[in-house]
Structure formats: C-alpha cells, structure tokens
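Residues per chain, in single letters:
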Number of protein chains: 2
Amino acid sequence: MFMFKAKMEEIAKKKDTKIVLALDFPFISLNSQKSLFHKAKNVIDEVYPHICAVKINHHLVLPLGTFQGVKKLIEIIHEKNLPVIMDCKANDIGATNKVIAEYYYSAGFDAIIANPFVGWDEGLKPIFDMAKKMHRGVILLVYMSHKGAQEGYGQFIYDKGKEEKIAQYVSFARKALKWGADGVVVGATVPEKIKEIHNILGDKIPIYSPGIGIQGGRGISALNAGASYLIVGRSITLAENPNETVKKLIEKLKMS
Amino acid sequence: MFMFKAKMEEIAKKKDTKIVLALDFPFISLNSQKSLFHKAKNVIDEVYPHICAVKINHHLVLPLGTFQGVKKLIEIIHEKNLPVIMDCKANDIGATNKVIAEYYYSAGFDAIIANPFVGWDEGLKPIFDMAKKMHRGVILLVYMSHKGAQEGYGQFIYDKGKEEKIAQYVSFARKALKWGADGVVVGATVPEKIKEIHNILGDKIPIYSPGIGIQGGRGISALNAGASYLIVGRSITLAENPNETVKKLIEKLKMS
C-alpha cells in the first residue's frame, strides 16, 4: 500500500523540493484543445526539475479526455520520473468508485484523491482494494482550502462510538489512519488545522497542502505547521515565466 | 433556474414514466471503447420510450471522453427529447467547480449532480451561478444509497445557527431549499429517510431515488415515501432484454 508514499518521499528528498504542481488551466473553448495540451506540456517541460509530483484535475480531464489526451500527458510526466495524482475527489457508491479507480489507474495515475465523507462500506473500501491490487495510492480530503470548507469539513459532529463532539476533520484524520491512506489534503489557508491534524497523523501520513498563492495560503506557514508537500497551481501555470516563478517560490521557502 | 425541473415534470407526465435510466456499465479494457459506445447507444434505442431522462456517470465519461464520445451520446439522447444528467458529484473548490460545470454544460448536459458537503462560499455557489447563466439544472446529494452513507450523510451534526443537533441529511435538505436546487438525490434503500426529507422539501424540490434492484431498494416504497423519480441502472443496462425489463418495472409500479 505504501509504495506511493515511499516514492513521493524519495523523489522529494532527492530533488530537494516539496512542490506538487497542480496542472490547472481556465475553461477553454472546444476548438482550442490542442493548444491546451501544448500549454500543459510546456509547463511540465519548464518546471519539472523543481517539483516532486504533478496533480491533474478536471481542467484537463474534461476537455482532453482521460484516455485521449491526458494519458499522453501522464506518459510525458512519467518520462521525467514524476508521479501523477488524479484529483477526482471520488465520492460515489462503491461499485462506481471501483470503476473510477480502475479507469484512472489504468490511464497511468499513481494515486487518486477521494472524499472520506462517503464512508467505508460500499464507499471507499473498493478504491483502497483497487489501489492495493494495482500498487497505487489513495489520498483523502481532510480539510479543503476554500471558505465554504467550514460548513462541512469544519462542522462539529457527534462520534457515536465515543459519545463525544468532535470536528469533522478530526474524524476524517482518524479514518485516514484507520484506512491506511497514503496522504491527506489540508488547505494551506488553515495552518492551525494543519498543526492539529499533523498531531493526529504524526509521521505516518503526509499532508498535502493546496491553496498557496491565489487562494491566500502561505507555503511557509503550511510547512511549519506540519505539511509535507505544497500543492501549487495557478500561481505557476498562469505565470509569464513558470520556471522562474517556481524557482523563486522554492528559494523563498528555504530562506524562511 | 427551474427550467430543468419544469422540463423533467413535463416529460415524465407526458410519457407517464418516472424512470431515469442510469447508463452505467462495468469497466472495459481500452480496446473496447467502440463497443461500449454502441452498447450505450443500443440501450437508449431500446428503452427511450419508457424513460424520462438519462443519467451518465464516470462509467462512460472516463473511457469515452466528455467531448470525444459522450457528447455524441448526449446528441443521440437529445434527439429522443430526453434530458441528460451528469452524475459527477462535484465537490471541489469554487474555481474548479466553475470549470467542471462549464465543461459539462458545454458538452450538452442539462443538469449536474453536486455534493452540498463542500459548502456555499467558494464551493457550490459558482455551480449555481453557471447553471443560471447557461439555463441548466443542479441536483444535490442528500442521502446516498450505499451502506457507508450512514457514516457521513447519516451522522448527527451540531447546527451552529440554531444550537440544535440534527442529522446531516436534514441540514443538506434545508440547504437544497435555501440554494434553490432543481432536485435532490435520496437512496431508495432508505425509504424512511425519503419520507423525512420529502416532509422538509414539500413539492418545491423533487427527489431522485437511486438504488433500485441490484442495490436492494424497492421502487414502490421510494415512490410511496415521496420520491418523484426512480434512477435505475444496472438492472436495465445489464439485462438480456433492457426494453422488456423496463416495461415490466413500470407495470409493476403501476399495479402496486
């Protein structure tokens, strides 16, 4: 199960970078799909020496197609010895989750992101089973980076087993441990929650932290609070010079 | 906003059917994509007189591609005067949700399904805004049909505003009203919850109920409890004779 986790650690250490590139682009009209593919490829060609993984989301899967354009991008990224994470935030019933996981892993993704809200039985269990079978990873959402996250991830719930009132994200972090996740997502916009969640997970499960830059999160605060990786997207992909941008970000993190 | 809701009502009434076909198929190897497209087309050709809408999920979007194969299927379904729902269970940050909604609506989908757990601000608001702009629908998950749904949808939460302990699905049903959803999803496997949720929504928001057949839900119990539509998938798509199967199901519902 922990092959993906170990691979991430090894690459991050070897290349001395904690940056996961989120390869996100705005909506494009359907005639521009070829240019979108090349934009994505160009960003990878520029920044690959300074990142430890690439995260892909629907910004590319929907216009390019998983097996049409995205599979080719994954091959290009794998040639650079970088793992690729699919940020599908899977939250379906088990039978569908199984199909989703099998397609994404078959397209070449090394890990997928899933939402623990959907539960275990006939929920996320089939994803973990498929990950085990195909030697891939599963990363769980524990607290997202946007404002509305407080409504769900931040709400207080009653834990039936223990008769206690706990935060939803605490419950999710405990499930990540119990289910053996390869990583969790906690927004860089809430460093105090990264700290709290890191206290629960210890060094067993690494924290991936999105929301740097455009969303207002600060990389250094996230790392100091216990995040292992920083997910950075539009600050790099929309930059005039993505290579310079990512290099400056890494320098800044090291100086702090 | 309610154009989609009104369209569904009109078609269901005119054709005297409450069946929404979930066009789901098992994982197929990548060489069989053409046969998957034709399987899907054949099922539509057989059952379209007896259904009021088609729901598509990742079973087709991942292998066929949204703008590669699925767009053509949507055109075929639209020719039969049936609306098409994308069951993407969107649960991302607002900026990404916006991109997801714009791509699915641009591919021709009449409505998309989203998870209210992600909250409103920088969460689902951009999806509702896009739906309004493009005159499409949004359907919210309120209680899913699988066993693990009790972990999240069935948990008790602490409602800050009202200082009360309520079920998560009650909170979601209230949000569906507040946000102006065109429909909600409640599993046919939990008819007692359909009743409770229908009491909250009244006739303002229709309930779509999946989980009939293979998952063990009974259509008649769901309708009696207040569901407006039954989502039926694998019992039809995997049947030897999909047309006979759906006709028998409708007869059975009318006789009860």
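Fair warning: this is a prediction, and the values are worked out from it, not measured in the lab.

Helix and strand content of chain A: 11 helices and 10 strands. Its C-alpha atoms give chain A a radius of gyration of 18 Å, near enough to 18 Å, the size a compact globule of 256 residues would have. When each of the 256 residues of chain A is scored for burial, the buried share is 57%. If you take every contact in chain A between residues at least 6 apart in sequence, the share linking residues at least 24 apart comes to 71%.

This brings us to the environment of threonine 17 of chain A. Residues and elements named next belong to chain A. You can see threonine 17 is positioned in the loop between helix 1 (3-15) and strand 1 (19-22). Threonine 17 gets classed as buried once you count the C-beta atoms within 10 Å, which come to 22. Counting along the chain gives 213 residues from threonine 17 to leucine 230, while the straight-line C-alpha distance between them is 9.4 Å. Other than its neighbours up to four places away in sequence, threonine 17 contacts Ala12, His50, Ile51, Cys52 and Ile250.

Looking now at the sheet that holds strand 1 of chain A. Residue and element names in this part refer to chain A. The strand order 1-2-3-4-5-8-9-10 describes a closed barrel built from 8 strands, whose pairing is parallel. In this sheet, neighbouring strand axes are inclined to one another by 30° on average, regardless of whether the strands run parallel or antiparallel. In terms of strand pairing, strand 1 meets strand 2 (residues 53-56) through 3 bridges, oriented parallel. Opposite leucine 21, over in strand 2, you have valine 54 as the bridge partner. Most of the contacts of helix 3 (residues 58-79) go to strand 2, to which it runs at about 165°, and overall it touches strand 2 and strand 3 (84-90). Packed on one face of the sheet, helix 5 (residues 120-134) meets strand 3, strand 4 (111-114) and strand 5 (137-143) and runs near 145° to strand 5.

All names here are of chain B. Pairing is parallel around the closed barrel formed by 8 strands, whose spatial order is 1-2-3-4-5-8-9-10. Put simply, the sheet's adjacent strands are angled 30° from each other on average, direction ignored. Bridge analysis of strand 3 (residues 84-90) against strand 4 (residues 111-114) gives 3 bridges, and the strand direction is parallel. Bridging across to strand 4, isoleucine 85 finds its partner in alanine 111. Its contacts with the sheet put helix 7 (residues 168-179) on strand 5 (137-143) and strand 8 (183-186), and the angle it makes with strand 5 is roughly 165°.

Every contact between the two is made by 45 residues of chain A and, on the other side, 45 residues of chain B. Where the side of chain A that touches chain B is concerned, the elements lending two or more residues are helix 3, helix 4 (94-107), helix 5, helix 6 (149-152) and strand 6 (156-159) of chain A. Element by element, the count of residues in the side of chain A that touches chain B is highest for helix 3 of chain A, at 8 residues. A breakdown of the residues in the side of chain A that touches chain B according to their chemical character gives 18 nonpolar, 19 polar and 8 charged.

This paragraph deals with the relation of the copies chain A and chain B. Here chain A sits on chain B after a turn of 180° about the axis and a move of 0.0 Å along it, with an RMSD of 0.0 Å. These values place the two chain copies in the arrangement generated by a two-fold rotation axis.

Residue and element names in this part refer to chain B. Mapped onto the elements, asparagine 243 comes out in helix 11 (residues 242-255). Expressed as a C-alpha distance, the spacing of asparagine 243 and isoleucine 44, which sit 199 residues apart in the sequence, is 9.4 Å. Ignoring any residue separated from it by four or fewer positions in sequence, one finds asparagine 243 in contact with Glu46 and Val47.

Right, let's talk about the confidence of the model for chain A for a bit. Looking at chain A, the pLDDT average stands at 95 and 98% of residues meet or exceed 70. Reported confidences for the modelled complex are a pTM of 0.97 and an ipTM of 0.96.

To continue, consider the environment of threonine 245 of chain A. All names here are of chain A. With respect to the helices, strands and loops of the structure, threonine 245 is situated in helix 11 (residues 242-255). The exposure class of threonine 245 is buried, given the 20 C-beta atoms found within 10 Å. Separated by 10 residues in the primary sequence, threonine 245 and serine 235 have C-alpha atoms spaced 7.7 Å apart. Beyond its immediate sequence surroundings of up to four residues, threonine 245 is in contact with Ser235, Ile236 and Ala239.

Reading the values: rules and limits
Residues numbered from 1 in each chain as written. Chains lettered and ligands numbered in written order. Predicted model: local features only at pLDDT ≥ 70, side-chain atom pairs only at ≥ 80, totals over all residues. Helix = DSSP H or I, 4+ residues; strand = E, 2+ residues; numbered from the N terminus. Rg over C-alpha atoms; globule rule 2.2 N^0.38 Å. Buried ≥ 20, exposed ≤ 12 C-beta atoms within 10 Å, placed from the backbone. Contact = placed C-beta atoms within 7 Å. Pairing = 2+ DSSP bridges. Axes fitted to C-alpha atoms, helices over the stretch in contact; angles between N-to-C directions. Nonpolar A, V, L, I, M, F, W, Y, C, P; charged D, E, K, R; others polar. Least-squares fit on C-alpha atoms with pLDDT ≥ 70 in both. pLDDT = per-residue confidence, 0-100.

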